[in-house]
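Structure assessment
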Amino acid sequence: MIGKTHLAGGLAAAAVICQAVNLPLAEGLIFTTGCAVGSLFPDIDHESSTVGKRVKPLSSLLHKTVGHRTLFHWFVPYCLLAVVLHLWKPSWDVVTMAVLIGVLTHLFLDALNPSGVPVFPGLKLNLLKIKTESGFDKAIGTLLALVAVACFIYWIFCMIRGY
């Protein structure tokens, strides 16, 4: 999936969660930022990705050492890191969960790609065969962006009305 689709997925997840749990505005903005960052982060191991372009030397090094869609596309290290952060700094839980949810949206969307994502070493999850930059990729991104906008509008409306 392209970076825009990943970002739309992270924002859609954030919008749904902000509205569903009725997060206050400040906490919701922090949560949304965390989901956005997390939705792009796994592609740090690819030099031409949205995040990889911004940290090219690091991205190039990671690509050469671990490759793309290996360590940074495996959900286990992220879940373990979230547990460690929760035990170490529970006050960071909103940010930790937001980034984790963003990462998980990224991994789910990449599981729709022909390359899939690693579940365990030697085992990949491959749900569909949607090619990166295809019409389906862009359609999914557009749909997720519409969901994000609609949910954010509804969340703000509910805050204004006091629901």
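Residues numbered from 1 in each chain as written. Predicted model: local features only at pLDDT ≥ 70, side-chain atom pairs only at ≥ 80, totals over all residues. Heavy atoms only, no water.

**What to know about the UniProt feature "transmembrane region" (unreviewed entry) in the chain**
As a reminder of what qualifies: UniProt positions are given in the numbering used here, feature names are shortened, and annotations may be inferred rather than shown by experiment. Counting from the N terminus, the helices are the DSSP runs of H or I reaching at least four residues and the strands are the DSSP runs of E reaching at least two.
Those places that UniProt annotates as "transmembrane region" (unreviewed entry) correspond, in this numbering, to residues 71-88, 95-120 and 140-160. With 62% helix and 15% strand, the stretch residues 95-120 has end C-alpha atoms that lie 26 Å from each other.

**Comments concerning the packing of helix 1 (residues 3-20) against helix 2 (residues 25-40)**
Note the threshold: For helices, the fitted axis covers only the stretch in contact; all axes are lines through C-alpha atoms, and the angles between them, taken along N-to-C directions, range from 0 to 180 degrees. Note on angle classes: values under 35 degrees are labelled roughly parallel, values over 145 roughly antiparallel, values of 65 to 115 roughly perpendicular, and the remainder oblique. In this scheme the crossing of two helices becomes right-handed for a clockwise turn of the near helix relative to the far one and left-handed for an anticlockwise turn of less than a right angle. Whether two residues are in contact is decided by their heavy atoms: any pair within 4.5 Å suffices.
At a minimum axis separation of 8 Å, helix 1 and helix 2 run at an interaxial angle of 150 degrees. Classified by the interaxial angle, the pair formed by helix 1 and helix 2 is roughly antiparallel. Crossing angle aside, the handedness with which helix 1 passes helix 2 is right-handed. Counted together, Gly3, His6, Leu7, Gly10, Leu11, Ala14, Ile17 and Cys18 of helix 1 and Gly28, Phe31, Thr32, Cys35, Ala36, Ser39 and Leu40 of helix 2 form the full contact between these two elements.

**A word on unusual backbone geometry**
We note that Asn22 has phi near 55 degrees; this positive angle belongs to a residue other than glycine. Secondary-structure assignment places Asn22 in the loop between helix 1 and helix 2. Look at Glu133: it is not a glycine, yet its phi comes out positive at around 70 degrees. Looking at the secondary structure, you find Glu133 in the loop between strand 2 (123-125) and helix 6 (135-161).

**Overview of the pairing of strand 1 (residues 117-120)**
Operational definition: Here the rule is simple: two strands pair whenever DSSP picks up at least two bridges between them.
Sheet topology places strand 1 next to strand 2; three bridges connect them, and they run antiparallel. Across the sheet, the residue bridging to Phe120 is Leu123, located in strand 2. Hairpin connection of strand 1 to strand 2: two residues between the antiparallel strands, including Gly122 at a positive phi of 90 degrees.

**Focus: the packing of helix 4 (residues 75-88) against helix 5 (residues 93-110)**
Helix-helix packing: each pair is described by the crossing angle between the helix axes and the interaxial distance. At their nearest, the axes of helix 4 and helix 5 sit 10 Å apart, and the two run at 175 degrees to each other. On the basis of the axis angle, helix 4 is roughly antiparallel to helix 5. The residues of helix 5 that touch helix 4, namely those facing Phe75, Tyr78, Cys79, Ala82, Leu85 and His86, are Asp93, Thr96, Leu100, Val103, Leu104 and Leu107.

**What about the side chain of Asp43?**
Going by this rule: Classification of residues uses two cut-offs on accessible area relative to the type maximum, computed with a 1.4 Å probe and protein chains only: under 20% is buried, over 50% is exposed, and between them is partly exposed. Here the positive residues are Lys and Arg and the negative ones are Asp and Glu; neither His nor the chain ends is included. The term salt bridge refers to a side-chain nitrogen of Lys or Arg lying within 4 Å of a carboxyl oxygen of Asp or Glu. Polar contacts, as used here, are pairs of N or O atoms within 3.5 Å; protein pairs need one atom able to donate a hydrogen and one able to accept it. Residues neighboring in sequence count only if both atoms are side-chain atoms.
Position of Asp43 among the secondary structure elements: in the loop between helix 2 and helix 3 (56-65). The charged side chain of Asp43 is buried without a salt bridge, its nearest counter-charge being Arg69 at 5.4 Å. Engagement of the side chain of Asp43 in a polar contact is seen with the side chain of His73, the distance being 3.1 Å. Excluding residues that lie within four positions of it along the chain, Asp43 makes contacts with His6, Ser49, Val51, Gly52, His68, His73, His106 and Asp110.

**Re the confidence of the model for the chain**
Worth spelling out the cut-off: A score from 0 to 100, pLDDT tells how confident the predictor is in each residue.
Per-residue pLDDT for the chain averages 93, and the proportion of residues at 70 or more is 100%. When mean pLDDT is compared element by element in the chain, helix 1 scores highest at 97, while strand 1 scores lowest at 87.

**Some words on the state of the cysteines**
Put simply, the rule reads: Note on terminology: disulfide denotes any pair of cysteine sulfur atoms within 2.5 Å.
A full pass over the atoms with the stated rule returns zero disulfides. The cysteine Cys18 is free of any disulfide, with Cys35 supplying the nearest cysteine sulfur at 7.3 Å. Free of any disulfide, Cys151 has its nearest neighbouring cysteine sulfur in Cys18, separated by 9.9 Å.

**Quick word on helix 5**
To keep things clear, this is the line we draw: By definition here, a helix of n residues has an expected span of 1.5 Å times n minus one.
The end-to-end C-alpha distance of helix 5, which contains 18 residues, comes to 25 Å, matching closely the 26 Å that a straight helix rising 1.5 Å per residue would cover. Within helix 5, the full set of buried residues consists of Thr96, Ala98, Leu100, Gly102, Val103, Thr105, His106, Leu107, Leu109 and Asp110. Of the surrounding elements, those touching the buried residues of helix 5 are helix 1, helix 2, helix 4, strand 1 and helix 6.

**Some remarks on a nonpolar patch on the surface**
Let me state the cut-off plainly: Put simply, a patch holds well-exposed residues, over 30% relative accessible area, that have no salt bridge, with like charges counted together within 9 Å and Val, Leu, Ile, Met, Phe, Trp or Tyr side chains within 5 Å. Here the open area of atoms and residues is found with the Shrake-Rupley method and a 1.4 Å probe, where only the protein chains shown may cover a residue.
Together, Leu25, Leu29, Ile156 and Ile160 make up an exposed nonpolar region whose accessible area comes to about 380 Å². Of all elements in the fold, only helix 2 and helix 6 reach the threshold of two or more residues within the nonpolar patch. Relative to the helices and strands, Leu29 resides in helix 2.

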